[in-house]
Amino acid sequence: VRQLKGAPTRDPEEDVIAIIYSSGTTGTMKGIKVTYKSVVVSDRVFEIIIGNTEKYKFLYVFPFNHIAGLILYYVSLFKGWDMGLIENMNASKLQKALLEFEPNLFAMVPKVFEVMEQKIRVAIREKGVVVEAVINGLLNLCYFLRKNFGINLGKPLFKGIRSKVFGPNIVSVGGGGTKFSGANARFFFSLGLN
């Protein structure tokens, strides 16, 4: 083993923990430096969003060669969470994993959540015009109460919907690669999810 000698690090927090060589979302290949500090900051952001959870089950579907995937992997390891992984993901494998693994947290590209919302809305629409109107009214009420008063009425009201789609333990969902549309984020927020 040969020891490499060089200038000491000026700021240890900026030391690189990994370099991802990927085109990411831009289509241009590049090396992306992941620092220790970025992992620590990401961990703090998770705590702000979902709290300091001792034991969580996280269904992990982002690729490791994507910055969001690598950071979420490190954060999950640091927190000691159980992780579920899906190989060669498709819609049926995702649905099976959600219902069998029963995660507390699931994160994916926002397009998947748009498709999930569409499917939920179609299932609601099939129950008839009156049921659809009542559920849409309740979604609006849940959004208003949660946004303005912090009352999460969607959590008990829409437990059945959340359980059928994400499994019984889901608490939080997240997106990466791009941001959620306002309407899509509002829908899942109204269902009682963080």
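Everything discussed here concerns the structure shown above.
Description of the structure in this document. (Residues numbered from 1 in each chain as written. Predicted model: local features only at pLDDT ≥ 70, side-chain atom pairs only at ≥ 80, totals over all residues. Heavy atoms only, no water.)

**Thoughts on the overall build of the chain**
Argument step 1. Along the backbone of the chain there are 8 helices and 6 strands.
Argument step 2. Along the chain direction, N to C, the helices and strands of the chain fall in the order β-β-α-β-α-β-α-β-α-α-α-α-β-α.
Argument step 3. Out of the 194 residues belonging to the chain, those deemed buried represent 36%.
Argument step 4. Considering only contacts within the chain whose residues lie at least 6 apart along the sequence, 63% involve residues at least 24 apart.
Argument step 5. Surface exposure of the chain reaches about 12,000 Å², of which carbon and sulfur atoms provide 58%. (Helix = DSSP H or I, 4+ residues; strand = E, 2+ residues; numbered from the N terminus. Buried < 20%, exposed > 50% of the residue type's maximum accessible area, 1.4 Å probe, protein only. Contact = heavy atoms within 4.5 Å. Areas by Shrake-Rupley, 256 points an atom, 1.4 Å probe, with all protein chains shown as cover.)

**Structural notes on the layout of surface pockets**
Argument step 1. Roughly 670 Å³ of volume is contained in the largest pocket.
Argument step 2. As for the largest pocket, its lining consists of 24 residues, and the residues nearest its centre are Met116, Lys119, Ile120, Lys164 and Val165.
Argument step 3. Going through the elements one at a time, helix H3 (91–101), helix H4 (110–125), helix H5 (129–149) and helix H7 (159–166) are the ones with two or more residues in the lining of the largest pocket.
Argument step 4. Broken down by element, the lining of the largest pocket gets its largest block of residues, 7 residues, from H4.
Argument step 5. Looking at side-chain class alone, the lining of the largest pocket contains 16 nonpolar, 4 polar and 4 charged residues. (1 Å grid on protein atoms, 1.4 Å probe; cavity = no way out; pocket = protein on both sides within 12 Å on 5 of 7 lines; lining within 4 Å. Points joined across faces, edges and corners; volume = space filled by probe spheres on them. Nonpolar A, V, L, I, M, F, W, Y, C, P; charged D, E, K, R; others polar.)

**Some points on unusual backbone geometry**
Glycine aside, residues mostly have negative phi angles, and peptide bonds mostly take the trans form.
Argument step 1. Located in the positive-phi region is Glu102, a residue other than glycine, with phi close to 55°.
Argument step 2. On the secondary structure map, Glu102 appears in the loop between H3 and strand E5 (105–108).

**Considering H4**
Argument step 1. Taking 1.5 Å per residue as the helical rise, H4 with its 16 residues ought to reach 22 Å, and the 23 Å between its terminal C-alpha atoms agrees with that figure.
Argument step 2. Residues of H4 that are buried include every one of Pro110, Phe113, Met116, Glu117, Ile120 and Ile124, and no others. In a view along the axis of H4, the buried residues occupy a sector of 105°, so they form one face of it. Of the residues in H4, the exposed ones pointing more than 90 degrees away from the buried face are Lys111 and Lys119. (Expected span 1.5 Å × (residues − 1). Arc of directions from axis to C-beta.)

**A short note on the sheet that holds strand E3 (residues 57–60)**
Argument step 1. With parallel pairing, 4 strands are arranged side by side in an open sheet as E4-E3-E5-E6. Bordering the open sheet on either side are strand E4 (82–85) and strand E6 (172–175), each of which pairs with just one other strand. Along the sheet, successive strands turn relative to each other by an average axial angle of 20°, direction set aside.
Argument step 2. Pairing of E3 with E4, which is carried by 4 bridges, proceeds in the parallel orientation. Pairing of Tyr60 across the sheet is with Leu85, part of E4. (Pairing = 2+ DSSP bridges. Axes fitted to C-alpha atoms, helices over the stretch in contact; angles between N-to-C directions.)

**Digging into the packing of aromatic side chains**
The geometry of an aromatic ring pair is captured by two quantities: the separation of the ring centres and the angle between the planes.
Argument step 1. All told, the structure shown has 11 aromatic pairs when counted by the stated rule.
Argument step 2. Between Tyr56 and Trp81, the ring centres sit 5.2 Å apart and the planes meet at 40°, which makes this aromatic pair tilted. With a gap of 25 residues between them, Tyr56 in the loop between helix H1 (36–50) and E3 and Trp81 in the loop between helix H2 (67–79) and E4 connect regions that are remote in the sequence. For the pair Tyr56 and Trp81, a shared accessibility class is recorded, and that class is buried.
Argument step 3. Taken together, a centroid distance of 5.6 Å and an interplanar angle of 75° make the contact between Phe113 and Phe188 edge-to-face. With Phe113 in helix H4 and Phe188 in helix H8 (residues 182–190), this pair connects stretches of sequence that are 75 residues apart.
Argument step 4. Relative accessible area serves as the criterion here: at 0%, Phe113 is assigned to the buried category.
Argument step 5. Aromatic ring contacts, followed pair by pair, group Phe106, Phe113, Phe166, Phe180, Phe187 and Phe188 into a single cluster. (Phe/Tyr/Trp six-rings, centres within 6.5 Å; stacked < 30°, edge-to-face > 60°.)

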